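Take a look at the letters that make up each chain.
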Amino acid sequence: MIKHVVMWKLKEVAEGKTKIENAEVMKKLLEDLPNKIEELVSAEVGINILKGTGAAICDVVLTTECASEEDLKAYAAHPDHQKVVDFIKKVVKERRVVDFDDGRQVTSDQ
């Protein structure tokens, strides 16, 4: 399985909403994607619960799973994903990403 992990720092205010409001919108949009994109096995979104402004602290984290690198590329290019990306670009000030193979093989029951 290929894991795609993205961490964001959000703007304090963007698109007429606060940071936490935009984090909630991001969570809903991102967690809806597996229902729309066949290649996306799962999507989990976490919103940071600790208050702080340290350089290492992010506001939102996304972890997705795809069966292959090809599926990850298909997910990234999918129009429904691109709509979410368009919103996220408006509310984010920093982004970090890691893609890795977790060593698990895809089986027919996954």
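Residues numbered from 1 in each chain as written. Predicted model: local features only at pLDDT ≥ 70, side-chain atom pairs only at ≥ 80, totals over all residues. Heavy atoms only, no water.

Right, let's get into helix 3 (residues 79-91). The end-to-end C-alpha separation of helix 3 is 19 Å, in line with the 18 Å expected for 13 residues at 1.5 Å each. Along helix 3, the residues classified as buried are His81, Val84, Val85, Phe87, Ile88 and Val91. Considered in projection along helix 3, the buried side chains sweep an arc of 165° and stay on one side of the axis. What points out from helix 3, more than 90 degrees from its buried face, is the exposed set Pro79, Lys83 and Lys89. Tucked inside the fold, the buried residues of helix 3 contact strand 1 (2-10), strand 2 (13-14), helix 1 (19-32), helix 2 (69-77) and strand 6 (92-101). (Helix = DSSP H or I, 4+ residues; strand = E, 2+ residues; numbered from the N terminus. Expected span 1.5 Å × (residues − 1). Buried < 20%, exposed > 50% of the residue type's maximum accessible area, 1.4 Å probe, protein only. Arc of directions from axis to C-beta. Contact = heavy atoms within 4.5 Å.)

Our next topic: unusual backbone geometry. Positioned with a positive phi, Glu15 is a non-glycine residue whose angle comes to about 55°. In this fold, Glu15 is placed in the loop between strand 2 and strand 3 (17-18). Take Glu15: its relative accessible area is 47%, and that puts it in the partly exposed class.

Across the sheet, which stays open at both edges, the four strands sit in the order 4-5-1-6 with antiparallel pairing between neighbours. Two strands in the sheet have a free side with no partner beyond their single neighbour: strand 4 (40-47) and strand 6. The sheet shows a mean angle of 15° between the axes of neighbouring strands, direction not considered. When strand 1 meets strand 6, the two strands line up antiparallel, connected through nine bridges. Bridging from a neighbouring strand, Lys3 pairs with Phe100 of strand 6. (Pairing = 2+ DSSP bridges. Axes fitted to C-alpha atoms, helices over the stretch in contact; angles between N-to-C directions.)

Here the focus is a negative patch on the surface. Together, Glu69, Glu70, Asp99 and Asp101 make up a region of like negative charge exposed at the surface. Listing elements by their share of the negative patch, those giving two or more residues are helix 2 and strand 6. (Patch = residues over 30% accessible without salt bridge, like charges linked within 9 Å, V, L, I, M, F, W, Y side chains within 5 Å. Areas by Shrake-Rupley, 256 points an atom, 1.4 Å probe, with all protein chains shown as cover. Salt bridge = Lys/Arg side-chain N within 4 Å of Asp/Glu carboxyl O. Lys, Arg positive; Asp, Glu negative; His and termini not counted. Charge placed at Lys NZ, Arg CZ, Asp CG, Glu CD.)

A word on the environment of Ala56. With respect to the helices and strands, Ala56 occurs in the loop between strand 4 and strand 5 (60-66). Distance in space between the C-alpha atoms of Ala56 and Lys9 is 9.5 Å, their sequence separation being 47 residues.

What follows deals with the layout of surface pockets. Taking a probe equal in size to a water molecule and rolling it over the atoms shows the remaining empty space. In this structure, the largest pocket occupies an estimated 280 Å³ of space. If you go around the largest pocket, you meet 16 residues; those closest to its centre are His4, Trp8, His81, Val85 and Arg95. Among the elements of the structure, strand 1, helix 2, helix 3 and strand 6 are those that each provide at least two residues to the lining of the largest pocket. No other element matches helix 3, which puts five residues into the lining of the largest pocket. Considering only residue class, the lining of the largest pocket consists of eleven nonpolar, two polar and three charged. If you add up the space inside the second largest pocket, you get close to 160 Å³. Lining the second largest pocket, in full, are Lys19, Ile20, Ala23, Ile47, Asn48, Leu50, Lys51, Gly52, Ile57 and Asp59. Considering each element in turn, the lining of the second largest pocket owes the most residues, three residues, to helix 1. (1 Å grid on protein atoms, 1.4 Å probe; cavity = no way out; pocket = protein on both sides within 12 Å on 5 of 7 lines; lining within 4 Å. Points joined across faces, edges and corners; volume = space filled by probe spheres on them. Nonpolar A, V, L, I, M, F, W, Y, C, P; charged D, E, K, R; others polar.)

Any functional reading would require information that these geometric values do not contain.
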